[in-house]
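Coordinate analysis (summary)
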Amino acid sequence: MTKATKFIREAAARCRASGVTVDIDSPYSTVAIDAPGEDGIFMQGDEAETFIGEVRALCKRYPSLDEDTAALALAEPYAETLFH
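These numbers were taken from a predicted model, which means no experiment stands behind them. (Residues numbered from 1 in each chain as written. Predicted model: local features only at pLDDT ≥ 70, side-chain atom pairs only at ≥ 80, totals over all residues. Heavy atoms only, no water.)

**Thoughts on the nonpolar core**
Proteins that are soluble and globular tend to have nonpolar side chains buried together. Among the nonpolar cores identified, the biggest contains 25 residues, and Ile-8, Val-20, Val-31, Ile-33, Met-43, Phe-51 and Val-55 are the most heavily contacted of them. Breaking this core down by element, the ones donating at least two residues are helix 1 (3-17), strand 2 (30-34), strand 3 (41-44), helix 2 (45-61) and helix 3 (67-82). Ranked by residues supplied to this core, first place goes to helix 3 with 7 residues. (Core = buried A, V, L, I, M, F, W, Y, C linked by side-chain atoms within 4.5 Å. Buried < 20%, exposed > 50% of the residue type's maximum accessible area, 1.4 Å probe, protein only. Helix = DSSP H or I, 4+ residues; strand = E, 2+ residues; numbered from the N terminus.)

Printed below as a string of structure tokens:
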């Protein structure tokens, strides 16, 4: 495990521990980031495409990552806004 993948996995673990979920629907270009008891974040169109592209880029750069882990790690900054 590289330092980068360790950092990514730790960010995903923090989100997972907080109950954050990420639902990506690539064909419809939507992304939903939810946390228990909080209003979620919904992206569509260009914003969702950018997020989906970043998930895919992380997985391509670090093949040991699965899409769920990459998505949760990238969702961490969004999730932080849900809790503040």
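**As for the packing of aromatic side chains**
Within this structure, the stated rule accounts for 1 aromatic pair. Their ring planes at 70° and their centres at 5.9 Å tell us that Phe-51 and Tyr-78 sit as a pair that is edge-to-face. Remark: Tyr-78 occurs in helix 3 and Phe-51 occurs in helix 2; sequence separation between them is 27 residues. Residue classification places Phe-51 among the buried positions, given a relative accessible area of 1%. (Phe/Tyr/Trp six-rings, centres within 6.5 Å; stacked < 30°, edge-to-face > 60°.)

**A word on the pattern of salt bridges**
If you walk through the whole model with that rule in mind, you get 2 salt bridges. With a closest N to O distance of 3.9 Å, Lys-6 and Glu-10 form a salt bridge. Residue Lys-6 and its partner Glu-10 are both found in helix 1; the two are separated by 4 residues, about one turn of the helix. Among the residues examined, Lys-6 registers a relative accessible area of 45% and is labelled partly exposed. Classification of Glu-10 by relative accessible area gives partly exposed; the value is 36%. Ionic pairing is found between Glu-76 and Arg-14, a salt bridge with its closest N-O pair at 2.6 Å. Here Glu-76, found in helix 3, pairs with Arg-14, found in helix 1; they are 62 residues apart in sequence, far enough to count as distant. (Salt bridge = Lys/Arg side-chain N within 4 Å of Asp/Glu carboxyl O.)

**Topic: helix 2**
For helix 2, which comprises 17 residues, the first-to-last C-alpha distance of 24 Å matches the rise-based estimate of 24 Å (1.5 Å per residue) to within 8%. Where helix 2 is concerned, the buried positions are Ala-48, Phe-51, Ile-52, Val-55, Leu-58 and Cys-59. Viewed end-on, helix 2 has its buried residues packed into an arc of 120°, placing them on one side of the element. Exposed residues pointing more than 90 degrees away from the buried face of helix 2 are listed as Asp-46, Lys-60 and Arg-61. (Expected span 1.5 Å × (residues − 1). Arc of directions from axis to C-beta.)

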